Amino acid sequence: MKKLKLPKVKVKFPSLKGAFNYIASIFISSVILGLILISLPLTERVSSSATYDLVNKNRLYWAKEYILELNTENSLKKEQDIERTKSILQRRLRNFGVEQSSILSYKEDDIDFLKVSIQTSKNLELVEGLIKSPYIVQIVTRKDGVDFEDVENPIAPYLAENYDSSKFTRDFFRNVYITQLRNSANEYSYFALFKTWPFEKDWTTFLNDYSGQTVGVSIDGFVTPVEIIANQDLFAVPVPSTEQENAHVISLLYNSGVIPISYTTASEEEIPVDSAEIDYIKLTEGMLVAIIFIYIYLLFIEKTPKDVLIRSGISTVMTVAAWIAYLKISETPTDIFLLALEVITIVAILRIITENVESRIIVTVLIALISSICVILGSGYVKIFANDLLILMILSNLSLSLSTYYISNVRRSLKI
């Protein structure tokens, strides 16, 4: 009896590298799909436990106008002092990220005024602190004959009239560094460290003379008592804040420049917010249609190679979807019109840098350089746009590299 011979079947198992390519393709496809679902409008709820909404800045904006009365009676260079005051106030607001601000000077009844107009989404109290306080700083010493321990006069340690002035004003110090140190309760809190210029002897002599004693830091007439620790070349002033953003404001007040004249807030009033209402859904639809028509034009009219268009298209989708998804997940307040400009800009940039490596490097470096300059020197919306563009350039280059790997990986997988 003949033995039944079964045909030999060869099963070709994918290699370890092939299996990894399959898994990588599936993972990247899932990530892209997830980012698209989160970033598109009307898909804010992608699961029963997570809601992703784009926070529109228009709901957060407020606008006010402040009239500051300048004390220029003892000013020897009045016009220069007024201009310097305007410049320092503008620098404070710009470094804090205030979107719109204008400062105008005028004279009325021989009194000099500044009109400060603000429109921003920043915290009202913090912005007002930057505007209303001249922050004129001076180190003072206690007067003889004043009882600072009098229980019937608890505010005696905080009144400037109970102290003698010294030559150590804010101009004397190189900068004032705000940082966290351990306090007397062995807990971390914010302190202002006064840093002098190198080889400064007068300040060292002052610290040695008052070693172990209590002096004060007068800020706009209010004194903060400070005990000089013996045998330490350190002058640390307690900062009345536990929040990082508040500490940042105090750092701006100390380090944005020394206002040469004092002033008071004569009046303040709310003004209408001037912002355009933009429908996010319609805007998204318009951008999608525009991008589709651009790629159709490039394909059929410009005869752009399909490989270039595919890489450019996938990297564009990844970049824009990742950026909008980040804004939604992090609940970052967003100006819709700025978002539209950023999307249009990054679509154009990705189309350019997809062509070849040389253009990619040149364009990336050039845009990064221009954006960095705008972040440092710009203000308001220009600074916000430049800062976002820096992040988008990093995202776009990562997306372009990932899309190149993804396309080649999918093609290899389909050939097997």
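Conventions used here
Residues numbered from 1 in each chain as written. Predicted model: local features only at pLDDT ≥ 70, side-chain atom pairs only at ≥ 80, totals over all residues. Heavy atoms only, no water. Pairing = 2+ DSSP bridges. Helix = DSSP H or I, 4+ residues; strand = E, 2+ residues; numbered from the N terminus. Buried < 20%, exposed > 50% of the residue type's maximum accessible area, 1.4 Å probe, protein only. Contact = heavy atoms within 4.5 Å. Phe/Tyr/Trp six-rings, centres within 6.5 Å; stacked < 30°, edge-to-face > 60°. Lys NZ or Arg CZ within 6 Å of the ring centre and 35° of its normal.

(A) Main features of the pairing of strand β8 (residues 175–182). Alignment of β8 against strand β9 (residues 188–195), held across 8 bridges, turns out to be antiparallel. Counterpart to R182 in the pairing with β9 is Y188. Taken together, β8 and the strand that follows it, β9, pair antiparallel across an intervening segment of 5 residues, in which N186 is found at a positive phi of about 60 degrees.

(B) Representation of unusual backbone geometry within the structure. We note that D110 has phi near 60 degrees; this positive angle belongs to a residue other than glycine. Structurally, D110 can be placed in the loop between β4 (100–108) and β5 (111–120). In this structure, D220 is a non-glycine residue whose phi angle is positive, near 55 degrees. Note on placement: D220 falls in the loop between β10 (214–219) and β11 (222–227). D220 gets classed as partly exposed once you look at its relative accessible area, which sits at 37%.

(C) Just the environment of F206, in detail. Tracing the backbone through its elements, the reader meets F206 in helix α4 (residues 201–209). Between the C-alpha atoms of F206 and F168, which are 38 residues apart in sequence, the distance is 9.6 Å. Excluding residues within four positions of it along the chain, F206 makes contact with I139, T141, F168, V215 and I228.

(D) Structural detail: the packing of aromatic side chains. In the structure shown here, the tally under the stated rule is 17 aromatic pairs. Pairing F168 with W203 gives two aromatic rings, centres 5.1 Å apart and planes at 75 degrees, and the pair type is edge-to-face. Taken together, the positions of F168 in strand β7 (residues 163–169) and W203 in helix α4 put the pair 35 residues apart, joining distant regions of the chain. In terms of burial, F168 and W203 fall into one category: buried. An angle of 75 degrees between the planes, with centres 5.0 Å apart, marks the rings of F173 and F194 as edge-to-face. Of this pair, F173 sits in the loop between β7 and β8 while F194 sits in strand β9, placing them 21 residues apart in sequence. Like F173, the residue F194 is buried in the burial classification. Each member of the aromatic cluster is reached from another via a ring pair, and the members are Y135, F168, F172, F173, F194, W203, F206, Y210, F235 and Y254. It is K122 that lies over the ring of F96; its NZ or CZ is 5.7 Å from the centre.

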